[in-house]
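Observations on the three-dimensional arrangement
Okay, here's what each chain looks like letter by letter:
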Amino acid sequence: LDLSSKTDIAAAGVLFRRVEREKDKHGVEVERIHYYAFGRYYIPEDAIEESDNSQYRGWASSEFLIETDGNTTDFARIREDLVELRSTVAVAEVGIDVYQARQLGNELQAEGLTVVEIPMTVKQLSEPMKELEAAVLGGRFHPDGNPALAWMMSNVVAHRDRKDNIFPAKPTATAKIDGAVALIMAMSRALVAPAPPARSVYETRGPSFA
């Protein structure tokens, strides 16, 4: 969950992994982890009306953005959606920056979800951001086609330090990156979780992910 803005877009990124056996350019069979990204992106109705981004209204009408009442992030709606998600898939963990939403984190734990604090630091986000970039460039990242997420991903600028660590930044205040940051946070947990079992290239690929 990237809830850094209480008056604009809040993002709940959902990341699935699947190990696939593939053949490299030399014909050698290798195992690669593919990532499948879904998400929900919440925005207060007042933010839509006051924003200079003309696409917000269309995305909300098409439910690519979830419009909520009022002028601040609807944490109750986010909690309800995560609890509902758990009834459909096994939610391993919910990564959250508790500095921004400690109460929501406590409420999710009370609902039986495993909440993991993810500090918004270079040390925490550098490696998952590099892995997400590598997955995109390597054809191993599969988003759900939400244009709002595509826009937020395109806005990300990599701030790089002298040790070659990177951190997600946005070029302007109006170029939102919340959806991308939520996926980087999810990736930080995926990198330390046990790998799922590999699937053969000859297996039927259905809608469920190991």
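Residues numbered from 1 in each chain as written. Predicted model: local features only at pLDDT ≥ 70, side-chain atom pairs only at ≥ 80, totals over all residues. Heavy atoms only, no water.

1. With respect to the side chain of Asp 178
Quick reminder of the rule: Helix and strand definitions follow DSSP, with helices as H or I runs of at least four residues and strands as E runs of at least two, each counted in order from the N terminus. Only protein chains enter the accessibility calculation, which uses a 1.4 Å probe; a residue whose area is less than 20% of its type maximum is buried, one above 50% is exposed, and one in between is partly exposed. In this tally, Lys and Arg are treated as positive and Asp and Glu as negative; His is ignored, and so are the chain termini. By definition, a salt bridge exists where a carboxyl oxygen of Asp or Glu is found within 4 Å of a side-chain nitrogen of Lys or Arg. The criterion used for residue contact is that any of the two residues' heavy atoms lie within 4.5 Å.
The residue Asp 178 is located in helix α7 (residues 178-190) in this model. One buried charged side chain, Asp 178, makes no salt bridge at all; its nearest oppositely charged neighbour is Lys 170, positioned 5.9 Å away. Not counting chain neighbours up to four residues away, the residues in contact with Asp 178 comprise Asp 2, Ser 4, Ile 9, Ala 11 and Met 152.

2. Focus on unusual backbone geometry
Excluding glycine, a negative phi dihedral is what most residues carry, and trans is how most peptide bonds are arranged. For Glu 63, which is not glycine, the phi dihedral falls at a positive 65°. A relative accessible area of 67% means that Glu 63 is categorised as exposed. The backbone phi angle of Asp 164 is positive, close to 70°, even though this residue is not glycine. Tracing the backbone shows Asp 164 in the loop between β7 (157-160) and β8 (166-169).

3. Thoughts on helix α5 (residues 122-137)
Convention followed: Given a helix with a known number of residues, its expected span is that number minus one, times 1.5 Å.
Look at α5: 22 Å from first C-alpha to last across 16 residues, which is about the 22 Å you get at 1.5 Å a residue. Turning to α5, its buried residues are Leu 125, Ser 126, Pro 128, Met 129, Glu 131, Leu 132 and Ala 135. Packing partners of the buried residues in α5 comprise β2 (29-44), β6 (141-143), α6 (147-155), β7, β8 and α7. Gly 139 lies just past α5 and shows a positive phi near 75°.

4. Brief notes about the nonpolar core
Note the threshold: Working definition of a nonpolar core: buried Ala, Val, Leu, Ile, Met, Phe, Trp, Tyr and Cys residues. They are joined through side-chain atoms within 4.5 Å.
Ile 9, Tyr 56 and Leu 65 are the most contacted members of the largest nonpolar core, which totals 32 residues. For this core, the element with the highest residue contribution is α7, accounting for seven residues. Residue contacts for Tyr 56: discarding those within four places in its chain leaves Asp 8, Ile 9, Ile 43, Ala 47, Ile 48, Ser 51, Leu 65, Trp 151 and Lys 176. Grouped together as the second largest cluster of nonpolar side chains are 16 residues, Tyr 42, Ile 66, Leu 108 and Leu 113 included.

5. Describing the environment of Tyr 56
Tracing the sequence through the fold places Tyr 56 in helix α2 (residues 55-61). Between the C-alpha atom of Tyr 56 and that of Leu 149, which follows or precedes it by 93 residues, the distance is 12 Å.

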